[in-house]
Amino acid sequence: MMVEKVRTEIIRIPRVMQSTGIELRRKQKSIGLVPTMGALHAGHMSLIKASKRDNDMTIASIFVNPLQFGPSEDLSKYPRDPDGDMARLRDAGADIVFMPDAEGMYAKGFTTNIKIGGELTNKLCGGFRPGHFDGVATVVAKLFNLTLPVRAYFGQKDYQQTLIIKRLVIDLNMPVEIIICPTVREHDGLAMSSRNKYLSEDERKAASVIYRALNAAKDSISSGEQDMNAVNDKMQSILKSEPMVGEVQYAGAFDADTLDALSEFKGRCVLAVALKIGQTRLIDNMLAP
Ligand code: AMP
């Protein structure tokens, strides 16, 4: 598809971003925000496309948010590709790229954090990444205040994150519509992720087992399986059949709203996986049926 050429503006200073947002709002422009941590791929670009479809102006933010990384996580080696990201965003027709630095976002004296209650955060990724979703919610709230979007776009790839952000805007009465976009996948089904860059060639091949396990589980539910323990066992055995899979943090069927583990089918569920291949932690999910 030909994208109409726009001049993509880079803004690095939070105060400048906010005054630009205020000015756009004053001119009655609808703003769509796509928050990212950079190292952009086709998954991110699908969010830009959705925002351009719905809004007058699309702002992409690129910020590797230190608040959402645990002390033993990959903050310092998280993939960064500012030039490649800018080229992609220009091609995709993003109007503004907001690229603050950590000092700008968390100036001296910063001390206010959003705390997401345990119901949603103790489960799935939250159990393995304490504080992660508080960090996500805090930065998303700041990005909303700085860019003033009417809509913000998130990927279903991070399913628990989508539930938490939807909860955040309800609980804090934020005037932002949250739009969830489908997961974009590689040719073998692996969900696109900036962290896929960490995988060696063999690990990358092995990683497609996640998609196969999710698909098999989804198929068995579609064919009428009601026993979620059987579905979970099927997922686990497919994952274990791949020797490169290390720790499986979770894999199974969960309530799509509460993320509680399910033993019987209740009409709708999310099949979700988090595991390690080598040093790399990968997550993915599918809704079923
Ligand atoms: P990240 O840069 O990984 O923080 O992701 C930024 C946004 O892009 C989040 O809303 C992600 O859920 C979304 N995203 C990441 N990977 C994909 C994908 N493969 N398909 C669709 N959206 C994605």
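Reference entry: report on the structure contained in this document.

Calculation notes
Residues numbered from 1 in each chain as written. Predicted model: local features only at pLDDT ≥ 70, side-chain atom pairs only at ≥ 80, totals over all residues. Heavy atoms only, no water. Helix = DSSP H or I, 4+ residues; strand = E, 2+ residues; numbered from the N terminus. Rg over C-alpha atoms; globule rule 2.2 N^0.38 Å. Buried < 20%, exposed > 50% of the residue type's maximum accessible area, 1.4 Å probe, protein only. Contact = heavy atoms within 4.5 Å. Areas by Shrake-Rupley, 256 points an atom, 1.4 Å probe, with all protein chains shown as cover. Phe/Tyr/Trp six-rings, centres within 6.5 Å; stacked < 30°, edge-to-face > 60°. Polar contact = N/O pair within 3.5 Å; in protein donor to acceptor, adjacent residues only side chain to side chain. Near = heavy atom within 4 Å. Nonpolar A, V, L, I, M, F, W, Y, C, P; charged D, E, K, R; others polar. Core = buried A, V, L, I, M, F, W, Y, C linked by side-chain atoms within 4.5 Å.

### Some words on the overall build of the protein chain
Each helix and strand counted, the protein chain has 11 helices and 9 strands in total. Its C-alpha atoms give the protein chain a radius of gyration of 19 Å, within 12% of the compact-globule value 19 Å for 289 residues. Referenced to the eigenvectors of the C-alpha coordinate spread, the extents of the protein chain come out at roughly 55 × 40 × 35 Å. For the protein chain, buried positions account for 54% of its 289 residues. In the protein chain, 73% of the contacts between residues at least 6 apart in sequence involve partners at least 24 apart. Entry remark: accessible area of the protein chain is about 14000 Å², with carbon and sulfur atoms responsible for 51%.

### Notes on the side chain of H41
Structurally, H41 is set in the loop between β2 (31–36) and α2 (42–54). Filtering out sequence-adjacent residues up to four positions away, H41 remains in contact with R88, M192, S193 and S194.

### Digging into the packing of aromatic side chains
This structure, assessed with the given rule, holds 5 aromatic pairs. Plain terms: the ring middles of Y250 and F254 are 6.1 Å apart, the flat faces sit at 85 degrees to each other, and that makes the pair edge-to-face. F254 shares its class with Y250; the two are buried. Through a chain of ring-to-ring contacts, three or more aromatic side chains come together here, namely F63, Y106 and F110.

### Some details on the environment of Q249
With respect to the helices, strands and loops of the structure, Q249 is situated in strand β7 (residues 245–255). In this structure, the C-alpha to C-alpha distance between Q249 and L282, residues 33 residues apart in sequence, is 9.9 Å. Among all residues touching Q249, those that are not within four sequence positions of it are F128, A274, L275, K276 and R281. At 3.5 Å, the side chain of Q249 forms a polar contact with the side chain of E247.

### A look at the site of the ligand
Around the ligand, 17 residues are found, and the nearest of them are M37, H44, D158, V184 and M192. In the environment of the ligand, an oxygen atom lies 2.9 Å from a nitrogen or oxygen atom belonging to the backbone of M37. Within the backbone of G155, an N or O atom sits 2.9 Å from an oxygen atom of the ligand. Elements with a contribution of two residues or more to the shell around the ligand: β2, α2 and β5 (151–155). The dominant element in the shell around the ligand, judged by the number of residues it contributes, is α2, at 3 residues. The residue inventory of the shell around the ligand, partitioned by class, reads 8 nonpolar, 7 polar and 2 charged.

### Notes on the nonpolar core
In summary, soluble globular proteins display a tendency toward joint burial of nonpolar side chains. Membership of the largest hydrophobic core comes to 45 residues, with the highest contact counts inside it found for F98, M105, V140, F144, I178 and Y250. Listed in part, the 27 residues of the second largest apolar core include I221, V231, A253 and L271.

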